[in-house]
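Observations on the three-dimensional arrangement
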Amino acid sequence: MSQTAIPFIFMRGGTSKGPYFRREEVPADLEALSKVLIDAVGAGHPLNIDGIGGGAAVATKVAMLSASDDDWADVDYFFAQVSVEEKLVDFKPTCGNILSGVGPAAIELGLVKPTGDETEIRIRAVNTGAQVISRVQTPGGVLTYQGDTEIAGVPGAAAPILLSFMGVVGSSTGAFLPTGNLRDTVQGIEVTCMDVAMPLVIARASDFGLTGHESAEQLDADTAFFERMEAIRIEAGKRMGMGDVSKSVTPKFGLLAPANQGGTIAARYFMPWKTHPTMAVTGAQCLASCALTPGSVADGLLTRPSTSPVEVVLEHASGTIDVLVDYSSDNGFELKSAGLVRTARKLADGHVYIPDIVAIG
């Protein structure tokens, strides 16, 4: 069997992991690219046994990087979510956890040179147009993964990567509130449909008979909840102007509940057909924005701060994630920027082999 070898770096970014490619070293055509990524990951099998995927949605993600032609950005980041058990690829969303590894990967791939003890890398998220500044630790001009920063869902500690997100409001739908309403009732459940970094359909856990503090395993075992949630998500997606989302991972779904571990609010995030074991970086920004927005489904679940910027601590299935939100409330909620601290680590590099001869570029 003739195979095509494609260079890649395998990275953990935040609480996700996957291959990072140079964009010019994979097919330009999206149909051909989808086939390559399905083969590379091994999509279509629950263990991704014939590819390098990890048998979970957080481990079947792909980043493709290139030098940016945008005047603002240094690097373009093109993201793909590959399904685990279906041979599907979704290019609509972006991923903030995988984005955590973009800065280090850009240095590893020679797209960016370190500029001092800390290197600032301006990233354009191609899928959504969002602008993100990544601050990567490069002491003495040398990239390091060693550090003391811990994030929930990842064992050990590593060098901090500070991500500052801008231009994320309406990044997928063009509107902060895609339906035009702070609340909609969909199949008897009140939801807030919001688009900040990631379009989400957000509901109160109590409206599903849940506490909002269930583990990911408990939620995944609740098939009746997932069936009801999916029906609501599909109808809400249409109302958000996103069309038929039954085969798309967006909009995502989120649940909110009062905090019980000292955080600001409790949240559960769905990918959407499984519970996220921790929390997506993009989803965290949207959930934090919902928590801060008067009139949303978060009303009554927290005591809202009166100052900005503010640190919103989301309690998720594996711990907490902190989102530093800079916003204005003069004319309703208006997000200026959101910042998070993540970590990343290079796990491997080399070539992934595709079981066909593939035209590259």
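A brief look at the structure comes next. (Residues numbered from 1 in each chain as written. Predicted model: local features only at pLDDT ≥ 70, side-chain atom pairs only at ≥ 80, totals over all residues. Heavy atoms only, no water.)

Examining the overall build of the protein chain
Helices and strands together make up the secondary structure of the protein chain, namely 6 helices and 17 strands. Relative to a compact globule of 361 residues, whose C-alpha radius of gyration would be 21 Å, the protein chain shows 20 Å and is just as compact. The principal-axis extents of the C-alpha atoms in the protein chain amount to approximately 55 × 45 × 35 Å. Here the protein chain, with 361 residues, has 56% of them falling under the buried criterion. For the protein chain, the accessible area works out to roughly 14200 Å², and carbon and sulfur atoms hold 48% of it. In the protein chain, 27 positive and 41 negative side-chain charges are present, and the distance between their average locations comes to 1 Å. (Helix = DSSP H or I, 4+ residues; strand = E, 2+ residues; numbered from the N terminus. Rg over C-alpha atoms; globule rule 2.2 N^0.38 Å. Buried < 20%, exposed > 50% of the residue type's maximum accessible area, 1.4 Å probe, protein only. Areas by Shrake-Rupley, 256 points an atom, 1.4 Å probe, with all protein chains shown as cover. Lys, Arg positive; Asp, Glu negative; His and termini not counted. Charge placed at Lys NZ, Arg CZ, Asp CG, Glu CD.)

Here we look at the environment of lysine 61
Among the secondary structure elements, lysine 61 is positioned in strand β3 (residues 61-67). What makes lysine 61 buried here is its relative accessible area of 6%. In the structure, lysine 61 is positioned 150 residues away from threonine 211 in sequence and 30 Å away in space, judged by C-alpha atoms. Beyond its immediate sequence surroundings of up to four residues, lysine 61 is in contact with Ser16, Lys17, Gly18, Pro19, Phe79, Ala80, Gln81, Cys95 and Ile98. Among the polar contacts made by the side chain of lysine 61, one reaches the side chain of serine 16 at a distance of 3.5 Å. (Contact = heavy atoms within 4.5 Å. Polar contact = N/O pair within 3.5 Å; in protein donor to acceptor, adjacent residues only side chain to side chain.)

Here we look at unusual backbone geometry
Threonine 250 connects to proline 251 through a cis peptide bond whose omega is 0°. Tracing the backbone through its elements, the reader meets proline 251 in the loop between α5 (223-239) and β12 (252-257). Each neighbour pair has its own omega, and for methionine 271 with proline 272 the value is 5°, a cis peptide bond. Along the chain, proline 272 falls in the loop between β13 (265-270) and α6 (281-292). Phi angles above zero are rare outside glycine, and asparagine 48 is one such case at about 50°.

Considering the packing of aromatic side chains
Summed over the entire model, instances satisfying the criterion amount to 12 aromatic pairs. With 6.4 Å between their ring centres and 75° between their planes, phenylalanine 8 and phenylalanine 10 make a pair best called edge-to-face. The exposure classification of phenylalanine 8 matches that of phenylalanine 10, with both residues buried. Here the aromatic rings of phenylalanine 226 and phenylalanine 270 are separated by 5.7 Å at their centres, their planes lie at 85°, and the arrangement is edge-to-face. Here phenylalanine 226 is found in helix α5, whereas its partner phenylalanine 270 is found in strand β13, with 44 residues between them in sequence. Overall, the relative accessible area of 12% leaves phenylalanine 226 in the buried class. (Phe/Tyr/Trp six-rings, centres within 6.5 Å; stacked < 30°, edge-to-face > 60°.)

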